[in-house]
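Letter by letter, the chains look like this.
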Amino acid sequence: MTFSKKLGGVAGAAALSLFAALPAWAQDAAAPAATVDKGDVAWMMTSTVLVFLMILPGLALFYGGLVRTKNMLSVMTQIGAAACLAMLIWVMYGYSMAFGPDYTSGLSNFVSTFDKAFLKGVTPASQAATFTAGVEIPEYVFICFQMTFAAITVALVLGSVVERIKFSAVMVFAAIWLTIVYFPIAHMVWAASGLFFKAGALDFAGGTVVHINAGVSALVAALILGKRIGYPKEPMPPHSLTLTGVGTGLLWAGWFGFNAGSALEANGSAALAMINTFVATASGGLFWMLAERINGHKGSALGFCSGIIAGLVAVTPAAGNSGPFGAIILGAVASIVCFYAVTVLKPKLGYDDSLDAFGIHGIGGMIGAIGTAIVYSPAFGGPGAEDYDMAAKLVVQIEAVLTTIVWASIGTVIAIFIAKAVTGLRVSQEVEYEGLDLGEHGERAYNP
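Here is what the cut-offs are and how they apply
Residues numbered from 1 in each chain as written. Predicted model: local features only at pLDDT ≥ 70, side-chain atom pairs only at ≥ 80, totals over all residues. Heavy atoms only, no water. Core = buried A, V, L, I, M, F, W, Y, C linked by side-chain atoms within 4.5 Å. Buried < 20%, exposed > 50% of the residue type's maximum accessible area, 1.4 Å probe, protein only. Contact = heavy atoms within 4.5 Å. Patch = residues over 30% accessible without salt bridge, like charges linked within 9 Å, V, L, I, M, F, W, Y side chains within 5 Å. Areas by Shrake-Rupley, 256 points an atom, 1.4 Å probe, with all protein chains shown as cover. Salt bridge = Lys/Arg side-chain N within 4 Å of Asp/Glu carboxyl O. Helix = DSSP H or I, 4+ residues; strand = E, 2+ residues; numbered from the N terminus. Pairing = 2+ DSSP bridges.

Trainee: If you had to explain the nonpolar core to someone new, which residues and values would you point to?
Mentor: Counting residues in hydrophobic clusters, the biggest one holds 117 residues, and the most contacted among them are Tyr 63, Trp 90, Trp 177, Leu 178, Tyr 182, Trp 190 and Phe 258. Beyond its immediate sequence surroundings of up to four residues, Trp 90 is in contact with Tyr 95, Ala 98, Phe 99, Ile 143, Gln 146, Met 147, Ala 150, Tyr 182 and Phe 183.

Trainee: Break down a nonpolar patch on the surface for me, citing the residues and quoting the values.
Mentor: Together, Leu 286, Phe 287, Leu 290, Ile 294, Phe 304, Ile 336, Tyr 340 and Val 344 give the surface a local cluster of nonpolar side chains, amounting to about 690 Å² of exposed area. Elements supplying a minimum of two residues to the nonpolar patch: helix H10 (268-294) and helix H12 (324-349). At four residues, the largest contribution of residues to the nonpolar patch is made by H10. Inspection of the secondary structure assignment puts Tyr 340 in helix H12. With a relative accessible area of 35%, Tyr 340 lands in the partly exposed category.

Trainee: Before we move on, can you summarise the pairing of strand S3 (residues 135-138) with the specific residues and values?
Mentor: One ladder, built from two bridges, connects strand S1 (residues 35-36) with S3; its direction is parallel. Counted as the bridge partner of Val 36 is Glu 136 from S3. Pairing of strand S2 (residues 127-129) with S3 involves three bridges; the strand directions are antiparallel. Bridge pairing links Gln 127 to Pro 138 in S3. The loop that links S2 with its antiparallel partner S3 comprises five residues; one of these, Gly 134, has a positive phi angle of about 85 degrees.

Trainee: Lay out the pattern of salt bridges with the relevant residues and their values.
Mentor: For side chains bearing opposite charge, pairing can occur when the charged atoms are close. If you walk through the whole model with that rule in mind, you get six salt bridges. Ionic pairing is found between Arg 68 and Glu 163, a salt bridge with its closest N-O pair at 3.1 Å. On the criterion of sequence distance, the pair formed by Arg 68 in the loop between helix H3 (38-66) and helix H4 (72-99) and Glu 163 in the loop between helix H5 (139-157) and helix H6 (167-190) is long-range, its members being 95 residues apart. Taken as a pair, Arg 68 and Glu 163 share a single burial class, namely buried.

Trainee: Summarise the environment of Trp 177; cite the residues concerned and give the values.
Mentor: Mapped onto the elements, Trp 177 comes out in helix H6. Under the relative-accessibility criterion, Trp 177 is labelled buried at 0%. When the C-alpha positions of Trp 177 and Thr 48 are compared, they lie 23 Å apart, and in sequence the two are 129 residues distant. Not counting residues up to four positions away in its chain, the partners in contact with Trp 177 are Thr 153, Val 154, Val 157, Tyr 182, Asn 213, Ser 217, Thr 412 and Ala 415.

Below is the structure:
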């Protein structure tokens, strides 16, 4: 079955807006030989490196600057090590689970087979399809690109549990969570045989797979782990908003690879995703500061950085599925809602999501995923057809969001409790008081 035939159950325009690709083994032997454009390959290799930039140093500096001085190195080490583990697991079996050959049963809706474990059969000559018939990229490039998505998603989850979780628990949790949560969700949304891909769900670059997945998992993990000692009575301000600001800039720059790279080609779709990543993010940063002013506070650097991330999160599923005007609206709405989720909802409910992974990635991801069904409409400048049925698409998007929430919640509970059984999960009170830099790693971020 050819790639175009696999898309048969999905409306043409919607299918092209989805992020997925099939390796060469999924093509008919009789199909015309596909071409590999060096420009596309160069762009995808660049995009892959840009996404890696989002992890180290981007997310490491962003998260690291937000914690107390005594925990700076532990945060950076947890993010780096979890990302490295994700890369190894991806090559061993993660890629096969997400994008490998299909099962012949209904299981193919949720996961692929292990037939491509350890990248069996992949060579420098192997190719993966793009969204243009007859245009492909090297399969190794597609594998690397998707590998960085898995790595940053598990790292995002850690934002809710820093300053009190053991390093060993992070590693155990990451391995299990990737296996039972991330790989299946990635398959459902992005693989051509996946449940939501076939339903026509719109997720250009990871609103459900990355942000809702990570944000919901972060909340569940934080609830199970418990609050930091002294929270919320003791002040726990960021130790370096300068580093957080630098991390924010690196995340924004890397996000162009994240979003525009999801077109899989250097073309107009990538260009649309690029401009949307500019304007939605700019809108998010400014509207968060506006929300601060409306609520009687000064516009803050932390608020600006938080708004930037909220805008980026919201536009991720809509990057190639919205016009620039729709992206601006989406960034603004997400930023304002995330502001209230962080400043009102979180204190009222009393949970300790250390770095607001749920408040920004979880909530922002939900707004982005559902909002994509709206901004996809040509009325907002989106790429939808003139007869686009917004109501039907909203139903599909909501179903994808709810399924991701349930799947991520259950999977995270399993992963956290296994990590607790194996490692104890949380550091001792002495280590938490002393700081995880010394207690877990025997180092200080800053020495006299």
